[in-house]
Amino acid sequence: MPHSDEYFMELAIEQAGIGQAKGEVPVGALFVEKDEVLAASGNASIERSDPTAHAEIMVMRKAAQLKGNYRLGGSVFVTLEPCLMCLGAMMHARVERLVFGAHDHVSGAAVSVYNLAQSPHQNHRIEVIEGILKRKCQTILKEFFQSKRQ
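Presented here is a report on the structure given in the accompanying data block. (Residues numbered from 1 in each chain as written. Predicted model: local features only at pLDDT ≥ 70, side-chain atom pairs only at ≥ 80, totals over all residues. Heavy atoms only, no water.)

1. Let's talk about helix α1 (residues 5-21)
Step number 1: With 17 residues, α1 extends 25 Å between its outermost C-alpha atoms, agreeing within 8% with the 24 Å of an ideal straight helix rising 1.5 Å per residue.
Step number 2: Here α1 has its buried residues at D5, F8, M9, A12, I13, Q15, A16 and G19. Along the long axis of α1, the arc covered by the buried residues comes to 160 degrees, so they all point the same way.
Step number 3: Considering only its buried residues, α1 is in contact with β1 (28-33), β2 (36-42), β3 (75-80), β4 (97-102), β5 (127-130) and α5 (134-149).
Step number 4: Of the residues trailing α1, G23 is marked for its positive phi of about 90 degrees. (Helix = DSSP H or I, 4+ residues; strand = E, 2+ residues; numbered from the N terminus. Expected span 1.5 Å × (residues − 1). Buried < 20%, exposed > 50% of the residue type's maximum accessible area, 1.4 Å probe, protein only. Arc of directions from axis to C-beta. Contact = heavy atoms within 4.5 Å.)

2. Here we look at the packing of aromatic side chains
Step number 1: Going through the model one piece at a time under the given rule, you end up with three aromatic pairs.
Step number 2: Pairing F8 with F77 gives two aromatic rings, centres 5.1 Å apart and planes at 45 degrees, and the pair type is tilted. Of this pair, F8 sits in helix α1 while F77 sits in strand β3, placing them 69 residues apart in sequence. The pair F8 / F77 is uniform in exposure class, with both members buried.
Step number 3: Considering the side-chain rings of F144 and F145, the 5.0 Å spacing of their centres and the 80 degrees angle between planes classify their relative orientation as edge-to-face.
Step number 4: Given the relative accessible area of 6%, F144 is considered buried.
Step number 5: Site record: aromatic cluster; members linked through ring pairs are Y7, F8 and F77. (Phe/Tyr/Trp six-rings, centres within 6.5 Å; stacked < 30°, edge-to-face > 60°.)

Spatial relationships are all this shows, so hold off on functional conclusions.
This is the structure we're talking about:
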């Protein structure tokens with residue numbers, strides 16, 4: 001029996017926690033194909049001194065290396081709605097499905113600010129499932145930023 005979106009989002013939340021323990025903004029992601037996790041990561045921008053090392057980019061890099069192909073298909077699960085950079089990379093990788101938890105009303109590129117995943121100007125569309133374990137994903141980020149302000 002296939003795993004649920006909630007199951008995979010719980011695993012992405014674990015990755016967010018691992019990243020947070022390293023001082024990163026707590027966003028976690030997975031790349032899933034045929035009900036199997038091929039790659040998992042949290043944000044790594046601070047650790048790697050790399051502005052492109054968002055969790056989504058990290059899992060797509062790992063999955064592409066494993067598959068030996070930059071055309072990924074499959075699904076990306078992420079705790080926070082992707083930014084333009086990450087969604088653009090998903091488009092180029094031909095990711096089939098994006099599942100995210102919390103909306104990003106500042107820079108979300110899937111539905112909140114931009115709708116790149118369904119843009120008629122692109123030659124690829126990504127199915128978007130939004131709000132999976134939304135409260136948990138929001139709480140992790142909210143508590144992280146509150147602690148930074150104190």
